[in-house]
Amino acid sequence: MAGLAFDTIRGPVRWVARGAAATAGPAARIATEKRAAGTVSFEGVSKTYRSASGAVQALDRIDLEVPAGTIFGIIGRSGAGKSSLLRTVNRLEDPTSGRVLVDGEPIAELDMAGLVALRRRIGMIFQHFNLLSAKTVRQNVALPLVVAGVPRAEIGTRVDEVLRLVGLEDKAETYPSRLSGGQKQRVGIARALVSNPEILLCDEATSALDPETTLAILRLLRDINRRLGITIILITHEMSVIREVCSNVVVLEQGRIAETGPVWRVFGSPEHPATRALLEPLIRGLPADLSARLQPHPAPGATAVLRITFSGQSTPDLASLAAAAPVRLLQAGIEQIQGHAVGRMLVAVGDAGPDAEARLRALGGEIERIGYVAADD
Amino acid sequence: MSPQMIDRVWQALLDTLFMVGVSAGIAVLAGIPLALFLVTSGPHGIFPAPRAHKLVGTLVNGFRAVPFIVLLVALIPFTRLVAGTTIGVWAAIVPLSVSATPFFARIAEVSLREVDAGLIEAAQSIGCRRRHILLHVLLPEALPGIVGGFTITVVSMIGASAMAGAVGAGGLGDVAIRYGYQRFDTTVMTAVIAILIALVCLVQFVGDAAMRRLRAR
Ligand SMILES: Nc1ncnc2c1ncn2[C@@H]1O[C@H](COP(=O)(O)OP(=O)(O)O)[C@@H](O)[C@H]1O
Ligand SMILES: [Mg+2]
């Protein structure tokens, strides 16, 4: 990984060894032009599965735009239709009605040759990696090029390039069964990238991995997105994954879009109950001892407990906060998502004069009085 | 045993090896395409052809339901058509192949069905056409199981070939029955049984070793 630089020469992206790039010229050569290709549009996409046990509507009139070059997250409960939606992009599943467009082109009309060509522009990685056990790492990664009839010599260099990209150059001749989960997913990524796709689909790609490996794979995906400008659409049930890498997110609930938008906005001020339910594990509740002492009405000399919610519109300014009122910080969980401060703070405001709260309000953030605690606590 | 008898047993061994070898070859050549057809032509397969699927499935079951000794006789007109004769080694090879092919196809089919559907999807997602899926996914992934199934097929063919004497094809079984059983020659009987056991063990050993090698990847 470290020894690599990326270089875009009109058309397919090429990787060059850093040494070569450094001698070749200025930094501008190394910088990657973001490609415009890689847009996906869903227009009224519905999908109904019919089986012996009856019909299941997995998707219900989905309208969604995935801009080129973004990392787009799909979240939702199990069975919400996430995989069904993702799989319409490379036509592993065909919509029952509505249409999917890739770079503005409706993909339903493609014939077999067109479909194969489309799939070569769209890589996909899977939760269980789906590597061929009878082929070595090299043969697995080479397969997309082999079936595309790419000349042998070219396949060799290209496979070496992507193996280096994912950090597996020393495992080329190994069989997948000898690799760890993280290494297997790297092979999956290499295989997905070997034909220079403009879109990468990830269906729970990190769900089978431990947290540390998950983080490494996410970094790799983010790197690929930044340097190659590949659009990434990823499904996950881990909210931290979305927070870590996605720029936009769509929340599915029973085949419909519950809400969608930039991650900081959806995570900062979730509107839909489904989103709130998904984010629940990320939100810290009241500390148990505090909630036990909390009273709904002020006793004489009581301290007001306020919850200040930041949903990305403003940044908590602690100095002004302290200047506005005599506040004591009880609990805080604020994070930066795409440069927006999102989270909540719990503060106790002594001498809860009416204007103290008004002054706090002026600082931004949404203030909610959740109760009082006795002054001597 | 007289040198003559040793000669006879030796010739019988060669006949058995020839009959079983050729029939096994035919069973593979015909059985694997048949198995691939059975796996891929179902309503959710990659080459859906539900009607043909059902027809072929029924046919395969039909052949498997008929005992080999019956098939041997029932196929005589067909054997004459194909082999040009109804006696001798070639006359046994036709019914042996006809009986082994559906047997092997069903076993191979099971291994092919066990290939994870996710692998087929992954192959589709990287732009594999259907023939690529057969060649790069289904066959190589199912190979260890197919090899195991082939071993079972060959072993049961060695057993079935004992009945080939009925059409004058000779072979070990024929010698055992004619000399060992009908003429009470216990030595011949024992020798033939020992050779058959050794033969089956050898086939099983080679098959298992091949399968282990394939699985070790
Ligand atoms: N091949 C299929 N046949 C029948 N029902 C299916 C099939 N695939 C998915 N479903 C159903 O469609 C719904 C959505 O599934 P899916 O898209 O896999 O959800 P998710 O990925 O969000 O868990 C579920 O109710 C599921 O049972
Ligand atoms: Mg799913």
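Sequence order as written defines the numbering, with residues in each chain counted from 1. Think of it this way: whatever chain is written first is A, whatever ligand is written first is 1, and the rest follow in order. Confidence filtering applies because this is a predicted model: local features only for residues at pLDDT of at least 70, side-chain atom pairs given and counted only at 80 or more, and all residues used for totals across whole chains, interfaces and linings. To get the side-chain values, take all heavy atoms of the structure and skip hydrogens and water.

- In the nomenclature of an unreviewed UniProt entry, chain B is known as ABC transporter permease of Methylobacterium soli.
- UniProt annotates chain B under Subcellular location (unreviewed entry) with the comment "Cell membrane". UniProt positions are given in the numbering used here, feature names are shortened, and annotations may be inferred rather than shown by experiment.

**Examining the overall build of chain A**
Line of reasoning, step 1. A helix here means a DSSP run of H or I that spans at least four residues, while a strand means a run of E at least two residues long, and both kinds are numbered starting from the N terminus. For chain A, the helix and strand inventory stands at 14 helices and 16 strands.
Line of reasoning, step 2. Accessible area is worked out with a 1.4 Å probe on protein chains only. A residue is then buried under 20% of its type maximum, exposed over 50%, and partly exposed in between. The buried share of chain A, reckoned over its 377 residues, is 50%.
Line of reasoning, step 3. Across chain A, the fraction of contacts at a sequence separation of at least 24, relative to all contacts at a separation of at least 6, is 70%.
Line of reasoning, step 4. Each accessible area value is a Shrake-Rupley result obtained with a 1.4 Å probe; residue values ignore everything except the protein chains displayed when judging cover. Summed over its atoms, the accessible surface of chain A is roughly 17100 Å², and 51% of this surface lies on carbon and sulfur atoms. By definition in these notes, contact holds between two residues if any of their heavy atoms fall within 4.5 Å.

**Looking at the sheet that holds strand S15 (residues 340–349) of chain A**
Residues and elements named next belong to chain A.
Line of reasoning, step 1. Pairing is antiparallel in the open sheet, where four strands are placed in the order S14-S15-S13-S16. Lying at the two open borders of the sheet, with one neighbouring strand each, are strand S14 (327–337) and strand S16 (366–373). Direction aside, the axes of adjacent strands within the sheet are offset by 10° on average. Here a strand pair is declared whenever DSSP counts at least two bridges between the two strands. Only the contacting stretch of a helix is used when fitting its axis, a line to C-alpha atoms as for every element, and angles between N-to-C directions run 0 to 180 degrees.

**Considering the interface of chain A and chain B**
Line of reasoning, step 1. Of the residues lining the interface, 25 residues belong to chain A; the matching set on chain B comes to 18 residues.
Line of reasoning, step 2. Any carboxyl oxygen of Asp or Glu that lies within 4 Å of a side-chain nitrogen of Lys or Arg is treated as forming a salt bridge with it. The interface formed by chain A and chain B contains one salt bridge.
Line of reasoning, step 3. Ionic pairing is found between Arg87(A) and Glu121(B), a salt bridge with its closest N-O pair at 2.8 Å.
Line of reasoning, step 4. The term polar contact refers here to a pair of N or O atoms within 3.5 Å; inside protein, the definition further demands a hydrogen-donor-capable atom paired with an acceptor-capable atom, and it admits residues adjacent in sequence only when both atoms are side-chain atoms. Where chain A packs against chain B, one counts eight residue pairs in polar contact (both at pLDDT 80 or more).
Line of reasoning, step 5. Every element with two or more residues in the side of chain A that touches chain B is listed here: helix H4 (112–120), strand S8 (122–126) and helix H5 (137–147) of chain A.
Line of reasoning, step 6. Per-element accounting of the side of chain A that touches chain B gives the leading share, five residues, to H4(A).
Line of reasoning, step 7. Looking at the side of chain A that touches chain B, its residues break down into 15 nonpolar, four polar and six charged. Note on residue categories: nonpolar means Ala, Val, Leu, Ile, Met, Phe, Trp, Tyr, Cys or Pro, charged means Asp, Glu, Lys or Arg, and polar means any other residue, Gly included.

**Overview of a nonpolar patch on the surface**
Line of reasoning, step 1. Together, Val66(B), Ile69(B), Val70(B) and Met163(B) line one region of the surface with nonpolar side chains, adding up to about 280 Å² of accessible area.
Line of reasoning, step 2. On the secondary structure map, Met163(B) appears in the loop between helix H7 (130–160) and helix H8 (172–181). By definition, no residue in a patch forms a salt bridge, and every one has over 30% relative accessible area; like charges are joined within 9 Å, nonpolar side chains (Val, Leu, Ile, Met, Phe, Trp, Tyr) within 5 Å.

**Quick look at the packing of H5(A) against helix H6 (residues 152–165) of chain A**
Residues and elements named next belong to chain A.
Line of reasoning, step 1. Interhelical geometry of H5 versus H6 gives an angle of 120° and a closest axis separation of 10 Å. The orientation of H5 with respect to H6, classified from their angle, is oblique. Here H5 runs over H6; the crossing is right-handed. Facing Val137, Arg138, Val141, Ala142, Leu145 and Val146 of H5, the residues of H6 in contact are Ile155, Gly156, Arg158, Val159, Asp160, Val162 and Leu163.
Line of reasoning, step 2. Split by residue class, the contact of H5 with H6 holds nine nonpolar, one polar and three charged. For classification purposes, an angle smaller than 35 degrees is called roughly parallel, one larger than 145 roughly antiparallel, one from 65 to 115 roughly perpendicular, and anything else oblique. A crossing counts as left-handed when the near helix is turned anticlockwise from the far one by less than a right angle, and as right-handed when that turn is clockwise.

**Details of the packing of aromatic side chains**
Residues and elements named next belong to chain B.
Line of reasoning, step 1. Aromatic pairs are defined between Phe, Tyr and Trp rings, using the six-membered ring for Trp, whenever the two ring centres lie within 6.5 Å; interplanar angles under 30 degrees are classed as stacked, those over 60 as edge-to-face, and all others as tilted. Evaluation of the coordinates by the stated rule reveals two aromatic pairs over all chains.
Line of reasoning, step 2. On the basis of an interplanar angle of 85° and a centroid distance of 5.6 Å, the ring pair of Phe18 and Trp90 is categorised as edge-to-face. Of this pair, Phe18 sits in helix H1 (residues 3–40) while Trp90 sits in helix H5 (residues 89–113); the two residues are 72 residues apart in sequence, bridging distant segments of the chain.
Line of reasoning, step 3. Centroid distance Phe104 to Phe150: 5.9 Å. Interplanar angle 75°. Geometry classified as edge-to-face. Placement of Phe104 in helix H5 and of Phe150 in helix H7 is noted, with a sequence separation of 46 residues between them.

**Structural notes on the site of ligand 1**
Residues and elements named next belong to chain A.
Line of reasoning, step 1. Around ligand 1, the neighbouring residues are Tyr49, Val56, Ala58, Arg77, Ser78, Gly79, Ala80, Gly81, Lys82, Ser83 and Ser84.
Line of reasoning, step 2. At a separation of 2.7 Å, an oxygen atom of ligand 1 approaches a polar backbone atom of Gly79.
Line of reasoning, step 3. Interatomic distance of 3.0 Å between a backbone N/O atom of Gly81 and an oxygen atom of ligand 1.
Line of reasoning, step 4. When the free accessible area of ligand 1 is taken as 560 Å², the share hidden by the protein chains comes to 61%.
Line of reasoning, step 5. Counting only elements with at least two residues in the shell around ligand 1, the list comes to strand S4 (54–66) and helix H3 (82–87).
Line of reasoning, step 6. Per-element tally for the shell around ligand 1: the top contributor is H3, with three residues.
Line of reasoning, step 7. When its residues are assigned to classes, the shell around ligand 1 shows four nonpolar, five polar and two charged. We call a residue near a molecule or strand whenever a single non-hydrogen atom of that residue lies within 4 Å of it.

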